[in-house]
Structures are given as structure tokens and as C-alpha cells.
Amino acid sequence: MKKFLISALIVLISLYPAVGHALYILDYSASKNDRFYTGTRSNYIGAAYDFSGVGYSSSGTWATLVSNNCFISAAHYYPAAGSTVTFWATDDKSGPSYTYTVTGGVKIGSTDLWVGWFDSSVDVNSSIARYPVEMLTGYSDYIPQVIYTLGLYQGGGSKQVVGMNVIDNFYTTEVGASTGITAWYDYDNNDSPSVGGNESYLLVGDSGAPSFVDYGSQLALVGIHWAHTDNTPVMGASSVDSFVPSYFDDINAVLAGRGQSLSAVPEPGMNVYGLIIACCLWFRRRRRRQTDYS
Ligand SMILES: [Ca+2]
Ligand SMILES: [Ca+2]
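Residues numbered from 1 in each chain as written. Chains lettered and ligands numbered in written order. Predicted model: local features only at pLDDT ≥ 70, side-chain atom pairs only at ≥ 80, totals over all residues. Heavy atoms only, no water.

1. Notes on the overall build of the protein
And then number 1: Helix and strand counts for the protein come out as three helices and 18 strands.
And then number 2: Relative to its 294 residues, the protein shows a buried fraction of 51%.
And then number 3: Contacts spanning at least 24 positions in sequence make up 66% of the contacts within the protein whose residues lie at least 6 apart. (Helix = DSSP H or I, 4+ residues; strand = E, 2+ residues; numbered from the N terminus. Buried < 20%, exposed > 50% of the residue type's maximum accessible area, 1.4 Å probe, protein only. Contact = heavy atoms within 4.5 Å.)

2. Observations regarding the coordination of the calcium ion (ligand 2)
And then number 1: Protein ligation of the calcium ion (ligand 2) involves D186 (OD), D186 (OD), D188 (OD), D188 (OD) and D191 (OD), the donor distances falling in the range 2.2 to 2.6 Å.
And then number 2: All donors of the calcium ion (ligand 2) come from a single chain, and their spacing in sequence reads D-x1-D-x2-D.
And then number 3: A spacing of 3.7 Å is found between the calcium ion (ligand 2) and the calcium ion (ligand 1), which share D186 as a donor. (Donors = N, O, S within 2.8 Å, 3.2 Å for Na, K, Ca; no water.)

3. Details of the coordination of the calcium ion (ligand 1)
And then number 1: Protein coordination at the calcium ion (ligand 1): the donors are N165 (OD1), D186 (O), D186 (OD), D191 (OD), D191 (OD) and E199 (OE), at 2.3 to 2.6 Å from the metal.
And then number 2: The coordination sphere of the calcium ion (ligand 1) comprises six donor atoms, whose angles at the metal cover 52 to 155 degrees; the geometry is irregular. (Tetrahedral: all angles 85-135°; square planar, octahedral: opposite > 155°, others 65-115°.)

4. Describing the pattern of salt bridges
Any two side chains of opposite charge can pair, on the condition that their charged atoms come close.
And then number 1: Summed over the entire model, instances satisfying the criterion amount to two salt bridges.
And then number 2: K159 serves as the salt-bridge partner of D34, at 3.0 Å between the closest nitrogen and oxygen. Taken as a pair, D34 in the loop between α1 (30-33) and β3 (54-57) and K159 in the loop between β10 (146-152) and β11 (160-166) lie far apart in primary sequence, 125 residues in all.
And then number 3: For D91, the salt bridge identified is with R35, shortest N-O distance 3.2 Å. With D91 in the loop between β6 (84-88) and β7 (97-107) and R35 in the loop between α1 and β3, the pair connects residues that are 56 residues apart, well separated along the chain. The pair D91 / R35 is uniform in exposure class, with both members buried. (Salt bridge = Lys/Arg side-chain N within 4 Å of Asp/Glu carboxyl O.)

5. Thoughts on the sheet that holds strand β4 (residues 62-65)
And then number 1: Ordered by their spatial adjacency, six strands build a closed barrel running β3-β4-β5-β8-β7-β6, and the pairing between neighbours is antiparallel. Within this sheet the neighbouring strands show an average axis-to-axis angle of 40 degrees, counted without direction.
And then number 2: Sheet strands in contact with helix α2 (residues 248-256) are β5 (70-74), β7 and β8 (113-118), and its direction is about 20 degrees off that of β8. (Pairing = 2+ DSSP bridges. Axes fitted to C-alpha atoms, helices over the stretch in contact; angles between N-to-C directions.)

6. Examining the environment of G116
And then number 1: Tracing the backbone shows G116 in strand β8.
And then number 2: For G116, a relative accessible area of 0% translates into the label buried.
And then number 3: Counting along the chain gives 36 residues from G116 to A80, while the straight-line C-alpha distance between them is 8.1 Å.

7. Some points on the confidence of the model for the protein
And then number 1: Per-residue confidence for the protein gives a mean pLDDT of 87; residues scoring 70 or more make up 84%.
And then number 2: Note that residues 277-283 has pLDDT below 50 and, in this model, zero contacts with residues that lie over four places away or in other chains. (pLDDT = per-residue confidence, 0-100.)

8. Side note on the packing of aromatic side chains
Working definition: an aromatic ring pair is given by the centre-to-centre distance plus the angle between the planes.
And then number 1: Summed over the entire model, instances satisfying the criterion amount to 18 aromatic pairs.
And then number 2: Seen from their ring centres, Y78 and W114 are 3.7 Å apart, and the 15 degrees between their planes marks the pair as stacked. A residue pair is termed long-range when its members are at least 10 positions apart, and Y78 in the loop between β5 and β6 and W114 in strand β8 qualify at 36 residues.
And then number 3: Of the residues examined, Y78 reaches a relative accessible area of 27% and is grouped as partly exposed.
And then number 4: Joined through ring pairs, the aromatic side chains of F71, F87, Y100 and F118 make up one cluster.
And then number 5: K159 extends its terminal NZ or CZ atom over the ring of Y153, reaching a point 4.2 Å from the ring centre.
And then number 6: Above the ring of W117, the side-chain terminus of R258 is found at 4.0 Å from the ring centroid. (Phe/Tyr/Trp six-rings, centres within 6.5 Å; stacked < 30°, edge-to-face > 60°. Lys NZ or Arg CZ within 6 Å of the ring centre and 35° of its normal.)

9. Things to note about the nonpolar core
And then number 1: In this structure, F51 and I251 are the most contacted members of the largest nonpolar core, which totals 59 residues.
And then number 2: In contact with I251, not counting residues within four places along its chain, are I72, I108, L113, V115, V244 and L262.
And then number 3: A63, A75, F118 and I128 belong to the second-largest nonpolar core, a separate cluster that totals 13 residues. (Core = buried A, V, L, I, M, F, W, Y, C linked by side-chain atoms within 4.5 Å.)

10. Some thoughts on the pairing of strand β16 (residues 218-228)
And then number 1: Burial analysis of β16 places ten of its eleven residues in the buried class, the great majority of the element.
And then number 2: Both strand β15 (residues 210-215) and β16 contribute to a ladder of six bridges, which runs antiparallel. If you follow Y215 over to β16, its bridge partner there is Q218.
And then number 3: The pairing of β16 with strand β17 (residues 237-243) spans five bridges and is antiparallel. Following the sheet pairing, H225 is matched in β17 by D241.

In C-alpha cells form, the structure reads like this:
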């Protein structure tokens, strides 16, 4: 697995954990941001993506599926053994859904990341996504990447919403008894690239929900919501995610113990340049073969 060339800044910052209820979206609207909106709409920001692997538990916690029966969540707010997690095949809550019982889990080192598992594999025929982790060479390669953030509606209740933001920086963060490398994204209505009115801020209750990037038009996991700098969405405040790529090997080791593995994009040993070279070789070989036979 690729190692990061550039280290995260070592800054221990005490923050508020985002325990308790919502993702604040600057210019929220139901048709634009609700995952399970029931009316007709043409402006849903998640329309191009498959969120089926983002599950929600009977205890109000989040589970993001990364292999057949393992999920990632937050160590301070996760679906505990005995609770059930439901996955919806599409962004239609009345459509097919699949529910599994959590049977265990483990905290990843000193971090706020949690890997949990179910009694059985999530049905392979159920079209429920298993997300890969985006593995780039260095931290700077993730800045400024656009992320899609999941959370609960700022007005209360259990309605799921999709917001956006842009990764600004990385810090080693300490909250409560946990320390880990984190990705920070600010709330300032002034991002580049612009995410417009979809800029989001983590409020209490969203811990354990994921942040994704678009990798080749597919979602790839980069963050799990952990904390924030302010209890209200004031301009200049920052949201804080556990940065999953830094813990790829540790998470993969837990999955390996259960006969599974964590996927990466790009696949190890095959980056864009590797693909270009592979294509060139194939064309050369093909041309040579045509030349030989003609
Ligand atoms: Ca921002
Ligand atoms: Ca900004």
C-alpha cells in the first residue's frame, strides 16, 4: 500500500465531539439536499451517486459498508452489537431495503474510527454498495478536493441529507480519549472549487457518517465525521473528519481477520500513468501483430 510522502501537521487541538443531531447546509432545500425526497426533482446534488452502502441503525448511528459484512463508523458513536442497521438500495425509502444485526466491532488504535460487523454478509444481490477508500500519494493531493457529506437534517428528526464541502487541511486531533489524523473543512461560504449553497457544517448527531469524494464518477470514502470547532455554524468554523486513508492498513488488518479486504482507488500499483502505459503497450502489441499478419 502506498505510503504518504507528506506528514500531517502535528497539532493537538481539543474540540467538541459532534455527538447528538444534524448536518447544517448553508442554503438547504429538500429537493436539492434530501437523500430520500419523495417529490419530483431535477436538482438533487447526489443524483449521480450510489449512497446505498450508507446505513442507519436502530440506535440512531451510522454505518458505511466497506466489505461484505464490515462497516466503518465513529468510535464514540457507533452501532453497537445487538442493534440493527438498514441499507436502502436506492434513494427511495419505500424501495427495497436490507436490515442486518451488528454482532461486534473494534476501535482502530487510538483513533475515533470504528470497524463493526454483521452476523452475515450484506446480500451480494441486493445492489448495496461497498465503498473503496481513495488512496492518493500525499496529503496535499487531497487539497482542495470536493467532498459529499452525509448527515441528518438541521431541522431535527431522522431525515438524511447530502451536503458538500472542500478539504482544507490535515491535523492530528485529540478529542476526549481519542487521537487521530483528521481532515478539516471550513464553513465560510467561500470555497474553491465552489460548492455554492451546499457547503455543510457538522453539528451534533452526525458523528460516524461518511464524507466521500467522486473518484471516476464513483463514491470513494475519505472521512468519518468526528468533531467541530464550534457548537453553532458560525462563519470560519471547521468540521473535522477522521481521515480514513491514513488508517487503511489498520482497517484492512481487522477485515483480513474476518476473511475480507478493504478496497482502494486507484488500485495499488495502477495509477493513471500506469493505465496509459498499459494502453500504449497494448496498442503497440496489437499494431505489431497486425503488421506481422498483413
Ligand atoms: Ca468550506
Ligand atoms: Ca473555505
